[in-house]
Amino acid sequence: MPNISGAMAARMLARGIRNRIQNKPLSVSFEITHACTANCWHCNWGGPIKEERLGAEEYAAICRELRPVVSHASGGEPLARGDVYDIVDAMTNKGGLPWMIVVTNSSNLTPERFFRLKDSGMHQLSTSLDFPDERHDEFRRIPGLFDRMAEVVPEIARRSSDTDDILLNVCITAWNYKDIGDMVRVAKDWGVPINFSVYTHLRVQDRAGLIEGDGLDGLAESIQEVIDLRNAGYPVYTTPRVLWKFHRFLTEGGIGGCQAGRRFLVINPDGRLTPCAMVMAYFDRQEDMLEKFTKQNTCEQCYISTRANTEKSFKEFVQDNSDAFLKILTPWRN
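Reading guide: rules and limits
For every chain, the first residue of the written sequence is number 1, and numbering continues from 1 along that sequence. In keeping with the model being predicted, local features are shown solely for residues with a pLDDT of at least 70 and side-chain atom pairs are shown and tallied solely at 80 or more, while totals for entire chains, interfaces and linings include all residues. As a convention, hydrogens and water are excluded, and side-chain values are obtained from all of the structure's heavy atoms. For the purposes of this section, nonpolar cores are sets of buried Ala, Val, Leu, Ile, Met, Phe, Trp, Tyr and Cys residues that join through side-chain atoms within 4.5 Å. Relative accessibility decides the category of a residue: with a 1.4 Å probe and only protein chains considered, values under 20% of the type maximum give buried, values over 50% give exposed, and everything between is partly exposed. Comment: elements are numbered from the N terminus, with helices defined as DSSP H or I runs of at least four residues and strands as E runs of at least two. By definition in these notes, contact holds between two residues if any of their heavy atoms fall within 4.5 Å. When DSSP locates at least two bridges between a pair of strands, those strands are taken to pair. Pairs were defined over the aromatic rings of Phe, Tyr and Trp, the Trp ring being its six-membered one, requiring ring centres within 6.5 Å. Orientation was assigned from the angle between planes: stacked under 30 degrees, edge-to-face over 60, tilted for the rest. A ring is considered to have a charge above it if a Lys NZ or an Arg CZ atom is located within 6 Å of its centre and within 35 degrees of its normal. Counted as salt bridges are all cases of a side-chain nitrogen of Lys or Arg within 4 Å of a carboxyl oxygen of Asp or Glu. Look down the strands so they point away from you; if the path from the first strand over the helix to the second goes clockwise, the crossover is right-handed. Patches draw on residues past 30% relative accessible area with no salt bridge. Two like charges within 9 Å are joined, as are two nonpolar side chains (Val, Leu, Ile, Met, Phe, Trp, Tyr) within 5 Å. Throughout, the Shrake-Rupley method with a 1.4 Å probe supplies accessible areas, and for residues the shown protein chains are the sole cover considered. Charged residues are defined narrowly, with Lys and Arg counted positive, Asp and Glu counted negative, and His plus the chain ends left uncounted. To locate a charge, take NZ of a lysine, CZ of an arginine, CG of an aspartate or CD of a glutamate. In this context, the arc is that of the directions from the helix axis out to the C-beta atoms.

Attention now moves to the nonpolar core. Residues F30, L117, I194, F196 and F246 are the most contacted members of the largest nonpolar core, which totals 88 residues. When residues of this core are assigned to their parent elements, the largest contribution, 7 residues, is made by helix α6 (residues 145-159). Other than its neighbours up to four places away in sequence, L117 contacts L79, V84, Y85, V88, V102, M122 and L125. Membership of the second largest hydrophobic core comes to 10 residues, among which are M8, L26, V70 and W99.

This is how it looks when you write it as structure tokens:
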């Protein structure tokens, strides 16, 4: 959990419990555009796209109906929309929920845009990193992107009042698993935390990105390196339990019990609901999604960070967020 106040942690916990009881999602990703300034190896979006898009108040109405604990403004590239600030402002309640994260590839990111998003109500900005060096440019197909991030991200971190205002997000793939320890070191050098997810072939039907065979032993070594760095004080959000569950997912070829549509879901640019970003099924209401998709869902072919964090048992949630619970139980320490 980010470095949040005890009061905010208590509100998040209360809404999370309520939503689990009432089958409301914990996390909703608003893909406000599928157009993107990048054309990544592992993603099905890229370049300009002709699409129908809702306005800020229409997204806000959907957000109020679903009342998630965490909302993401994502894409595509959300900063490609000139009204992204209005969208964030409409969907957030100053000082309240949902916790708003904007997800970007940083190609259009400037400190000025970051602080305008903060003023609009964004709690945190998440920016993708695939390699700890210029290989990131090739993966994203944006020349000079890594150098741009190496300048902009540390500047934002220096100027921001909270060390968790911006973080790096890494998708572990067969192409970069040997480098994840170095990406943790980059995060520390830049003064920001880092979070991990794991690759699935469902977006682009390319199994080359899955870590298999002898690579799983190398992944185990890399995961242990990340855990050792985390124990040494490096800013790693992802808990050891979740990291090892990524390894289990790849070793076993899947993890059952997916709660897409219930614990998490996606809003498309036109406002239609999708259970997850890898499923091309569209619904107008969550109730229809639960009945026609979630109840019959047997997919086990992804274990992305969103799924890993929204499908935790209460015991796992408490264990993984002990600092937040300490703030709730000892507010005088905050």
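Next comes the rest of the account.
Turning next to the sheet that holds strand β2 (residues 70-74). Strands sit in the order β6-β5-β4-β3-β2-β1-β7-β8 across an open sheet of 8 strands; the sheet is mixed. The strands lining the two open edges of the sheet, one partner per strand, are β6 (194-198) and β8 (273-274). With 2 bridges connecting them, strand β7 (residues 264-267) and β8 associate as antiparallel partners. Residue pairing across strands places I267 opposite L273, the latter belonging to β8.

On to the packing of aromatic side chains. This model, assessed by the stated rule, comprises 7 aromatic pairs. Ring geometry for F30 and Y59: centres 6.3 Å apart, planes at 85°, overall edge-to-face. In this pair, F30 sits in strand β1 (residues 27-31) while Y59 sits in helix α2 (residues 56-66), placing the two residues 29 residues apart along the sequence. Using a relative accessible area of 0% as the deciding quantity, one classes Y59 as buried. Note on F246 and Y303: the rings are 6.3 Å apart at their centroids and 75° apart in plane angle, and the pair reads as edge-to-face. Within this pair, whereas F246 is found in helix α9 (residues 240-252), its partner Y303 is found in the loop between α10 (286-292) and α11 (305-310), the two being separated by 57 residues in sequence. Each of the two residues, F246 as well as Y303, counts as buried. A connected cluster of aromatic rings, assembled from ring pairs, spans F131, F139, W175 and Y199. One Lys or Arg, R272, reaches over the ring of Y282 and ends 4.0 Å from the middle of that ring.

With that out of the way, let us pick up the pattern of salt bridges. Two side chains carrying opposite charge are able to pair once their charged atoms lie near each other. Applying the stated criterion to the full structure yields 18 salt bridges. A salt bridge links E252 to R248; its shortest N-O distance comes to 3.3 Å. Note that E252 and R248 are positioned in helix α9 at a spacing of 4 residues, about one turn of the helix. Its salt-bridge partner being D270, residue R272 comes within 2.8 Å of it at the nearest N-O pair. D270 gets classed as partly exposed once you look at its relative accessible area, which sits at 22%. Among the charged side chains, a network of salt bridges with common partners joins D133, R135 and D179.

Burial within strand β5 (residues 166-172) is extensive, with 6 of its 7 residues counted as buried. With 4 bridges connecting them, strand β4 (residues 124-128) and β5 associate as parallel partners. Bridge assignment links L125 to a residue of β5, and that residue is I166. In this fold, the crossover linking β5 to β6 by way of helix α7 (residues 180-190) has right-handed handedness.

With that settled, consider a nonpolar patch on the surface. On the surface, a cluster of nonpolar side chains totalling about 330 Å² of accessible area is made up of I17, I21 and F314. Looking at the element boundaries, I17 is found in helix α1 (residues 6-22). Classification of I17 as partly exposed rests on a relative accessible area of 38%.

Before going further, it helps to spend a moment on a negative patch on the surface. On the surface, a cluster of negative charge is made up of E52, E57, E58 and D86. Note on E52: relative accessible area 55%, which makes it exposed.

This paragraph deals with α2. Listing the buried residues of α2 in full gives A56, Y59, A60, I62, C63 and L66. Projection of α2 onto a plane perpendicular to its axis shows the buried side chains occupying an angular sector of 160°, all on one side. Seen from the buried face of α2, the exposed residues on the opposite side, beyond 90 degrees, are E57 and R64. Residue R67 follows α2 closely and has a positive phi angle near 40°.

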